[in-house]
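# Descriptive structure summary
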Amino acid sequence: MSTQASGLAVETAGLVKTFGETRAVDGVDLAVPAGTVYGVLGPNGAGKTTTVKMLATLLRPDGGEAHVFGHDVVREADEVRGRVSLTGQYASVDEDLTGTENLVLLGRLLGHGKKAARHRAGQLLETFGLTDAAAKQVKHYSGGMRRRIDIAASILSTPDLLFLDEPTTGLDPRSRNQVWDIVRAVVAQGTTVLLTTQYLDEADQLASRIAVIDKGRVIAEGTKGELKASVGAGSVHLRLRDPDQRAEAHQVLRTALAAEVQLEPDPVALTARLAAEPGDGAADRAARALAELSRAGITVDNFSLGQPSLDEVFLALTGHDTKDEVAA
Ligand SMILES: Nc1ncnc2c1ncn2[C@@H]1O[C@H](COP(=O)(O)OP(=O)(O)OP(=O)(O)O)[C@@H](O)[C@H]1O
Ligand SMILES: [Mg+2]
């Protein structure tokens, strides 16, 4: 495979990993263009971490092939290790050391001189908004601070490929945004990022292409535009003042949104799933629909427009939601 020549950071073909009876990764094909953020989206147990670990040479595949910048992850593991860095769900910073101590130690392990290691640590702590926490032990960091120091540790020496395994799971919105900014900054410096996530909005914010995985298999792959075209652009939820106006609202919305509109068990509530239409954003369509309702004299008490959740993506792609997955 001439991954290098083809401009791919990662290329896998039929990648497999089994744990006893479990086929954690069951024939995964991926092609990750260099210099981009690539999103791997899937629910708990889909095989995200297992895939990443094989690409980072931490687990040996049981079948198929994987190349990182043209190097085979099994036969040329050293070359691969020299070019990748992993920020995992199970990261490598030492809880008992301070932020500075961790980064300096890792820098020294990478072969940086004492002065250079200190300088780089200070720089990264500042970039990641951790200067005030630099002298605190990492075990006293909040979840968001912890995630930021993990990423800082993994980009001490700028890797060609950075794996971020669910970098924002469990973080509050502000910390998520900080992590997203960091990811954008890392990519701007030329690093390819392979990001796993359980959130469609995160993949949408960061990734150019997305693979959706389910039970160890890729069930959809494409640009986020392509993915949204297949799963829809989001859902509109409305609550009316007066239940007697719901039938009329139903008609108005169907026409204005050109979408199926559902009547909810709540007698004043309606929901519509919007198809993705290039050049006509969901928000614009929703705004026009609201204006139509107002013109028809229908009072709307509450309105929201949400992006499809991972559940909705799975429902659209597989006909069942992620909870069935776990049960199955
Ligand atoms: N070391 C292991 N031994 C046995 N089974 C494992 C091992 N690691 C993973 N598995 C199983 O493989 C499957 C895929 O796990 P994996 O951790 O790759 O999923 P994931 O997509 O990362 O999920 P999460 O979102 O929960 O992190 C799961 O069924 C899991 O229980
Ligand atoms: Mg995982």
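Residues numbered from 1 in each chain as written. Chains lettered and ligands numbered in written order. Predicted model: local features only at pLDDT ≥ 70, side-chain atom pairs only at ≥ 80, totals over all residues. Heavy atoms only, no water.

## Quick word on the nonpolar core
With 45 residues, the main nonpolar core has V37, L103, I149 and V193 as its most contacted residues. No other element matches the six residues that helix α7 (residues 173-188) contributes to this core. Among all residues touching V37, those that are not within four sequence positions of it are V183, V187, V193, L195, L206, A207, S208 and R209. Grouped together as the second largest cluster of nonpolar side chains are 25 residues, V28, V32, A56 and I213 included. (Core = buried A, V, L, I, M, F, W, Y, C linked by side-chain atoms within 4.5 Å. Buried < 20%, exposed > 50% of the residue type's maximum accessible area, 1.4 Å probe, protein only. Helix = DSSP H or I, 4+ residues; strand = E, 2+ residues; numbered from the N terminus. Contact = heavy atoms within 4.5 Å.)

## Some points on unusual backbone geometry
Even without being glycine, E166 reaches a positive phi, approximately 45 degrees. Along the chain, the position of E166 falls in the loop between β7 (161-165) and α7. A relative accessible area of 6% places E166 in the buried class. Even without glycine at this site, K215 takes up a positive phi of about 50 degrees. Inspection of the secondary structure puts K215 in the loop between β9 (209-214) and β10 (217-223). Using a relative accessible area of 48% as the deciding quantity, one classes K215 as partly exposed.

## Overview of the site of ligand 1
Taken together, 14 residues surround ligand 1, and among them G45, K48, T49, T50 and E166 come closest. Between ligand 1 and K48, the relevant distance is 2.8 Å, taken from an oxygen atom to a side-chain nitrogen or oxygen of the residue. In this structure, E166 approaches ligand 1 through a side-chain N or O atom, which is 2.6 Å from an oxygen atom. Only β2 (22-33) and α2 (48-55) provide two or more residues apiece to the shell around ligand 1. A per-element tally of the shell around ligand 1 places α2 first, with three residues. Classifying every residue of the shell around ligand 1 gives four nonpolar, eight polar and two charged. (Near = heavy atom within 4 Å. Polar contact = N/O pair within 3.5 Å; in protein donor to acceptor, adjacent residues only side chain to side chain. Nonpolar A, V, L, I, M, F, W, Y, C, P; charged D, E, K, R; others polar.)

## Re the packing of helix α4 (residues 99-109) against helix α6 (residues 143-154)
One can describe the packing of α4 onto α6 by two numbers: an axis separation of 10 Å at closest approach and a directional angle of 20 degrees. With respect to α6, the axis of α4 lies roughly parallel. In terms of crossing hand, the pair formed by α4 and α6 is right-handed. Residues G99, L103 and L106 of α4 pack against I149, A152 and A153 of α6. For the contact of α4 with α6, the class distribution of residues is five nonpolar, one polar and no charged. (Axes fitted to C-alpha atoms, helices over the stretch in contact; angles between N-to-C directions. Parallel < 35°, antiparallel > 145°, perpendicular 65-115°, else oblique. Left-handed = near helix turned anticlockwise from the far one by under 90°.)

Take it as geometry only, folks, not as evidence of what the structure does.
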